[in-house]
Amino acid sequence: MTTPFPEPTKAQLESAAGTFAMLSAPVRLHLVSLAAQGEYDVGTLADRVGVSIATASQHLGKLRLAGIITARREGRRHIYTVDDPHVLNLVDQIFEHIAPDGTLAPDPPRRTRPPHAD
């Protein structure tokens with residue numbers, strides 16, 4: 001059987017599931033979406049997401065430890081961003097998949113895949 005993508009390993013599946021679990025909280029997904037668009041300090045992110053600085057900080061810490069976002073120090077502030085192209089692509093894809101009203105967006109034209117050989 002020929003597939004266009006190699007079958008994922010157990011380690012890849014576990015890591016991917018962990019990443020999706022990390023992004024399953026709307027607050028975290030919102031933080032990642034904003035950080036994917038630029039560089040922000042925790043106060044700005046908290047304001048934009050509508051949570052306290054303490055709550056945003058807690059979520060940002062988890063996202064940073066998971067390798068989804070990065071942080072750098074600028075004086076007394078931490079600046080958060082997403083610089084991993086895979087995470088950027090994932091964020092872009094999910095919001096292309098979901099329309100602004102929360103429904104599924106119309107499907108783009110399908111790419112043709114080679115038929116599976118059985």
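Keep in mind it's a predicted model, so treat the numbers as computed, not measured. (Residues numbered from 1 in each chain as written. Predicted model: local features only at pLDDT ≥ 70, side-chain atom pairs only at ≥ 80, totals over all residues. Heavy atoms only, no water.)

Peer 1: Just give me the short version of the sheet that holds strand β2 (residues 70-74), but keep the residues and values in it.
Peer 2: Read across the open sheet, the 3 strands follow the order β1-β3-β2; overall the sheet is antiparallel. Lying at the two open borders of the sheet, with one neighbouring strand each, are β1 (40-41) and β2. Sheet topology places β2 next to strand β3 (residues 77-81); 5 bridges connect them, and they run antiparallel. The residue of β3 that forms the bridge with Ala71 is Tyr80. (Pairing = 2+ DSSP bridges. Helix = DSSP H or I, 4+ residues; strand = E, 2+ residues; numbered from the N terminus.)

Peer 1: Go over the nonpolar core, please, and point to the residues and values.
Peer 2: By size, the foremost hydrophobic cluster in this structure holds 20 residues, and its most contacted members are Val32, Leu45, Leu60, Leu63, Ile68 and Ile69. At the level of secondary structure, the elements contributing two or more residues to this core comprise α1 (10-23), α2 (26-37), α3 (42-49), α4 (53-65) and α5 (85-97). Contact partners of Leu60, with chain neighbours within four places excluded, come to Leu31, Val42, Leu45, Ile69 and Tyr80. (Core = buried A, V, L, I, M, F, W, Y, C linked by side-chain atoms within 4.5 Å. Buried < 20%, exposed > 50% of the residue type's maximum accessible area, 1.4 Å probe, protein only. Contact = heavy atoms within 4.5 Å.)

Peer 1: So, the UniProt feature "domain: HTH arsR-type" (unreviewed entry) in the protein: which residues are in play, and what are the values?
Peer 2: Per the UniProt entry, the sites bearing "domain: HTH arsR-type" (unreviewed entry) are residues 8-102 in this numbering. Along residues 8-102, the helical share is 63% and the strand share 13%, with 30 Å between the first and last C-alpha atoms. (UniProt positions renumbered as here; feature names shortened; annotations may be inferred.)

Peer 1: Lay out the side chain of His59 with the relevant residues and their values.
Peer 2: With respect to the helices and strands, the residue His59 is situated in helix α4. Those residues in contact with His59, other than ones at most four positions away along the chain, are Val27, Arg28 and Leu31.

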